Amino acid sequence: MKVILSSRRHHYMAIVSIFLIMLTMVALIAGIAGCGGGSSSASKIRTWYDLDDIRDGLADNYVLMNDLDSTTPGYEEVAGPTANGGKGWEPIGRRWVGRMPFTGSFDGQENEIRDLFINRPEESMDMGLFGCVSKLAKTGTVKNVGAVNFTVIGSDRVGSLVGILNLGVVSDSYCTGDITGTDSVGGLVGMNNGGTVGNCYATGSVTGDNFVGGLVGSNNGTVSFCWATGSVTGGGQVGGLMGDNYDGGTVSNCYATGSVTGDGAVGGLVGANDNTVSNCYATGNVTASYWYVGGLVGFNSNHVSNCHATGSVTGENYIGGLVGENGNDGIVSYCYANGSVTGIGEVGGLVGWNIDGGTVSDCYATGSVAGDYSVGGLMGDSRGPVSDSYATGNVTGIEDVGGLVGWNYAWGSVTNCYATGSVTGGNNAGGLAGLNWGTVSASYFAGNVTGNDYVGGLVGRNYYGSYYGTVSDSYSTGSVTGDNYVGGLVGYNEYGTVEDSYSTGSVTGDSCVGGLVGENFEGFVSNSFWDMETSGTDVSDGGTGKTTAEMKDFDTYSGWWDIITVANINTRNTGYIWNIVDDVTYAFLSWQPV
């Protein structure tokens, strides 16, 4: 019996032991879950007093249990216009000497904080619900909260939700209201210093001096899947979404729709970009007093891709429908703009000034463009490669006016491009390029050109400049009208080269008028032709005149050009530069659209 009793006792103890182990495991699991920031381990915020107490536990976790507004207890004392001697809310966490940032987590649980008021313009920095959120040893996270009807007035690093985000995270949050500051002023976050902002939006107006954005003032972190709709006003580096994207900052899958006004480096999405902007767009109108103004980016020195802008753009110099200036080594690819563009100099439908080393490819612009000098349907002044791009808008200017490029500078190249809009200018007006110092190849123009002197169907003036301008494997079909030095392809060829090209449009002028070249001054024209019947002239200072039938005859070009016959107009043989349907069509470029 003792043996039996002892066996039962051990059996009972084993059951109890298993039960206690199970309880311990459940407790451990619950504890681990609690460490993840769930409500079981986080302090609960129900009043403004609770919110204010966060500053006493800057490394802890918090959850907002309900909306806070002007009727919630504590508003007048800590968050309203009369709080703290009229200064309103004191931001939680600061990056000043002797102050500590917020390094914990705050989960709004999709609740809203409303009517918060801050008026602290005399304090140097870090203004917002949170002054500074930093990811140090802790999480540094703010998420799932709406900041509604905020009024924030500060100096530097000013935002409705966070003044400065230092390696931290802001996600799934939004803001409305009016934000005012000096530098690094944003609708949601003033400065994002290496942090992450995702799935957020802002709808209020933002006003500042420099680095001013509808969502983020300045950024060298990551901003993705965000948008802003409010108006933005500032001085330099002003954008509908972000003022300045610098030092490794990335902006992707974002958009802005509000109007943007500033002095210089002003963009519909980003004022100045020094890293990457991709898969974004802007629709607001952009207006600036001075330079570097773009429908999407004011000044770009890195990469803009798969983006577009649709708003009108107005400024003085370096004005573009998408990018105002594409700086050294800047890249713009797979982008378009269709808003109207107005300026004085270096004005383009897509890019105002493509500076030395800048690259533009696989882009187009459709809006009208107007300016005084260096005015182009795609870009005003280009000093780098432009390829596989086109423009269809009408272009109006005074000097150096082109359907695609106003002035193609010495290092500029235009390849596989075309323009179809009408071009109206004074001197140096061309269907594709007004003034060419670089190279134009495998390109064409199919609109009409009107100007005064140096007017051409493809290039107004092909000039030697620092290098000799070259036109090759290109053509023009539009009518050309001018006063002096008027040509179906080139108005005035000065020391330049024209080869393997042709024109068919009518040509009208007073003096120095040619079916292909108006005047050739010590330049070279070879293997090039014009249609004497359609141009209305059998005179040209260079080139060979042909009848329409001869222009459509493969034998005219065989042995001279890189050309092959194809069965019909919808067929392409891209192994050759030129294709032709023998006795049916004029020669056409093998890459051009069907």
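So, the overall build of the protein chain
Link 1 in the chain: What the protein chain contains, in helices and strands, is 6 helices and 79 strands.
Link 2 in the chain: A compact globule built from 594 residues would reach a C-alpha radius of gyration of about 25 Å, whereas the protein chain, at 32 Å, exceeds it by more than 25%.
Link 3 in the chain: The C-alpha extent of the protein chain, read off along each of the three principal axes, is 125 × 75 × 35 Å.
Link 4 in the chain: Residues classed as buried in the protein chain amount to 57% of the 594 residues present.
Link 5 in the chain: Put simply, of all contacts in the protein chain between residues at least 6 apart along the chain, 75% involve residues at least 24 apart.
Link 6 in the chain: Here the protein chain displays about 21,500 Å² of accessible surface, and carbon together with sulfur accounts for 51% of that area.
Link 7 in the chain: Computing the positive centroid from 21 side-chain charges and the negative centroid from 56, the protein chain places the two 28 Å apart.

Topic: the packing of aromatic side chains
Link 1 in the chain: Taken as a whole and judged by the stated rule, the model has 39 aromatic pairs.
Link 2 in the chain: Ring geometry for phenylalanine 529 versus tryptophan 561: centroids 6.0 Å apart, planes at 50 degrees, classification tilted. You can see phenylalanine 529 sitting in strand E75 (residues 529-531) and its partner tryptophan 561 sitting in the loop between helix H6 (554-557) and strand E77 (563-565), a full 32 residues away along the chain.
Link 3 in the chain: The class of tryptophan 561 is buried, set by a relative accessible area of 7%.
Link 4 in the chain: Above the face of the tryptophan 89 ring, arginine 55 is positioned so that its terminal group lies 5.3 Å from the ring centre.

Regarding the pairing of strand E68 (residues 490-494)
Link 1 in the chain: Of all 5 residues making up E68, 5 are buried, and the element is well covered by its neighbours.
Link 2 in the chain: Where strand E63 (residues 459-463) and E68 come together, 4 bridges link them in parallel fashion. Following the sheet pairing, asparagine 462 is matched in E68 by asparagine 493.
Link 3 in the chain: Examined bridge by bridge, E68 and strand E73 (residues 517-521) share 4 bridges and lie parallel to one another. Note on E73: the bridge partner recorded for glutamate 494 is phenylalanine 521.

Quick look at the pattern of salt bridges
Link 1 in the chain: A full pass over the atoms with the stated rule returns 11 salt bridges.
Link 2 in the chain: Put simply, arginine 55 and aspartate 52 hold a salt bridge, and the shortest N to O gap is 2.9 Å.
Link 3 in the chain: Close ionic contact of arginine 383 with aspartate 381 constitutes a salt bridge, the shortest N to O distance being 3.1 Å. Across the pair, aspartate 381 and arginine 383 agree in class, each one buried.

Some points on the sheet that holds E77
The strands making up a sheet associate through hydrogen bonds between their backbones, and the pairing can be parallel or antiparallel.
Link 1 in the chain: Read from one edge to the other, the open sheet built from 3 strands follows the order E77-E78-E79, with strand pairing classed as mixed. Each edge of the open sheet is held by one strand with a lone partner, namely E77 and strand E79 (588-589).
Link 2 in the chain: Note: E77 against strand E78 (residues 578-580), 3 bridges, orientation parallel. By the bridge assignment, isoleucine 563 is partnered in E78 with tryptophan 578.

Observations regarding the pairing of strand E52 (residues 399-402)
Link 1 in the chain: Two strands pair when backbone bridges link them, and strand E47 (residues 373-376) and E52 are joined in this way by 3 bridges, in the parallel orientation. Counted as the bridge partner of glycine 376 is glycine 402 from E52.
Link 2 in the chain: In the sheet, E52 pairs with strand E57 (residues 427-430) via 3 bridges, with the strands oriented parallel. Bridge assignment links glutamate 399 to a residue of E57, and that residue is asparagine 427.

Side note on the environment of isoleucine 153
Link 1 in the chain: The topology assignment puts isoleucine 153 in strand E7 (residues 141-153).
Link 2 in the chain: Taking C-alpha positions, isoleucine 153 is 5.8 Å from isoleucine 118, a pair spaced 35 residues apart along the chain.
Link 3 in the chain: In this structure, isoleucine 153 is in contact with Ile118, Asn119, Arg120, Pro121 and Thr180, ignoring residues within four places of it in sequence.

Side note on the environment of serine 590
Link 1 in the chain: By the element assignment, serine 590 lies in the segment after E79.
Link 2 in the chain: Distance from serine 590 to tyrosine 576, taken between C-alpha atoms, is 6.7 Å for residues 14 residues apart in sequence.
Link 3 in the chain: A polar atom in the side chain of serine 590 sits 2.6 Å from the backbone oxygen of tyrosine 576.

Considerations on the side chain of serine 305
Link 1 in the chain: You can see serine 305 is positioned in strand E34 (residues 303-305).
Link 2 in the chain: Sequence-distant contacts of serine 305, that is, excluding residues within four places in its chain, are made with Val277, Ser278, Asn279, Ser333, Tyr334 and Cys335.

Quick notes on the confidence of the model for the protein chain
Link 1 in the chain: Predicted confidence across the protein chain gives a mean pLDDT of 92, with 92% of residues reaching 70 or more.
Link 2 in the chain: Taken as a whole, residues 1-40 scores under 50 in pLDDT and shows 8 contacts with residues more than four places along the chain or in a different chain.

Remarks on the environment of phenylalanine 225
Link 1 in the chain: Positionally, phenylalanine 225 belongs in the loop between strand E19 (222-224) and strand E20 (227-228).
Link 2 in the chain: Taking the C-alpha atoms as reference, phenylalanine 225 lies 19 Å from threonine 310; in sequence the two are 85 residues apart.
Link 3 in the chain: Not counting the four nearest positions on each side in its chain, phenylalanine 225 is found in contact with Gly198, Asn199, Cys200, Ser252, Asn253 and Cys254.

Re unusual backbone geometry
Link 1 in the chain: Residues other than glycine seldom take positive phi values, yet tyrosine 318 does so here, at roughly 60 degrees.
Link 2 in the chain: As for its placement among the helices and strands, tyrosine 318 is situated in strand E37 (residues 317-320).
Link 3 in the chain: In this structure tyrosine 318 comes out as buried when scored by relative accessible area, which is 13%.

Observations regarding the side chain of serine 503
Link 1 in the chain: Structurally, serine 503 can be placed in strand E70 (residues 502-503).
Link 2 in the chain: Residue contacts for serine 503: discarding those within four places in its chain leaves Ser476, Gly488, Leu489, Gly515, Leu516, Phe529, Trp530, Asp531 and Met551.

Parameters at a glance
Residues numbered from 1 in each chain as written. Predicted model: local features only at pLDDT ≥ 70, side-chain atom pairs only at ≥ 80, totals over all residues. Heavy atoms only, no water. Helix = DSSP H or I, 4+ residues; strand = E, 2+ residues; numbered from the N terminus. Rg over C-alpha atoms; globule rule 2.2 N^0.38 Å. Buried < 20%, exposed > 50% of the residue type's maximum accessible area, 1.4 Å probe, protein only. Contact = heavy atoms within 4.5 Å. Areas by Shrake-Rupley, 256 points an atom, 1.4 Å probe, with all protein chains shown as cover. Lys, Arg positive; Asp, Glu negative; His and termini not counted. Charge placed at Lys NZ, Arg CZ, Asp CG, Glu CD. Phe/Tyr/Trp six-rings, centres within 6.5 Å; stacked < 30°, edge-to-face > 60°. Lys NZ or Arg CZ within 6 Å of the ring centre and 35° of its normal. Pairing = 2+ DSSP bridges. Salt bridge = Lys/Arg side-chain N within 4 Å of Asp/Glu carboxyl O. Polar contact = N/O pair within 3.5 Å; in protein donor to acceptor, adjacent residues only side chain to side chain. pLDDT = per-residue confidence, 0-100.

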